[in-house]
Amino acid sequence: MVKQISLDAWQIQQLSDLLEKGSSIVAKTNRPIVLYRQTLEEEEESYEEIVCTLTKGYVIEQMVTSGGILVPSFHQQFVFTIEEYPQELLRKSKDRFLEMIDFLDEQLK
């Protein structure tokens, strides 16, 4: 059990460091980084998805409906500091957590 706690803490620190590095790049370029998009529901030409972006100092998860004749609309928006987001993501999905580490590692080389 102690080893698992240590591994989780190490991974949380690793993701926090990558998010900090990405945030500093966003501050220089003024362009947010899309961390992931997840389609929740698709119907004909419209869809509902979660879009997660990294901005200067924050990670924003938004639930968006758009496509077809629908005007894009935001149903939910969650804003996390860079420090609190890794634990939130780990709680939600271990797989997504590991995917994000790999994605940021590759993007920020």
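The preceding data block contains the structure.
Computed from a predicted structure; not experimentally measured.

(A) Up close: the pairing of strand 1 (residues 33-43). Examined bridge by bridge, strand 1 and strand 2 (residues 46-54) share 9 bridges and lie antiparallel to one another. Opposite Ile33, over in strand 2, you have Leu54 as the bridge partner. Remark: 2 residues form the turn of the hairpin made by strand 1 and strand 2, two consecutive strands paired antiparallel; Glu44 in that turn has positive phi of roughly 50°.

(B) Expanded view of the environment of Asn30. Residue position: Asn30 is located in the loop between helix 1 (2-29) and strand 1. The class for Asn30 is exposed, based on a relative accessible area of 69%.

(C) The arrangement of the pairing of strand 3 (residues 58-67) in detail. With 9 of its 10 residues buried, strand 3 lies for the most part within the structure. Between strand 2 and strand 3, which pair antiparallel and follow one another directly, the connecting turn spans 3 residues, one of which, Gly57, has a positive phi of 90°. Note: strand 3 against strand 4 (residues 70-81), 9 bridges, orientation antiparallel. From the neighbouring strand, Met63 faces strand 4, where its bridge partner is Gln76. Count of turn residues in the strand 3/strand 4 antiparallel hairpin: 2 residues, of which Gly68 carries a positive phi of about 60°.

(D) Layout of the side chain of Glu49. Along the chain, Glu49 turns up in strand 2. Residue Glu49 is classed as buried on the basis of its relative accessible area, which comes to 5%. Side-chain polar atoms of Glu49 contact the side chain of Arg37, separated by 2.7 Å.

What counts as what
- Residues numbered from 1 in each chain as written.
- Predicted model: local features only at pLDDT ≥ 70, side-chain atom pairs only at ≥ 80, totals over all residues.
- Heavy atoms only, no water.
- Pairing = 2+ DSSP bridges.
- Helix = DSSP H or I, 4+ residues; strand = E, 2+ residues; numbered from the N terminus.
- Buried < 20%, exposed > 50% of the residue type's maximum accessible area, 1.4 Å probe, protein only.
- Polar contact = N/O pair within 3.5 Å; in protein donor to acceptor, adjacent residues only side chain to side chain.

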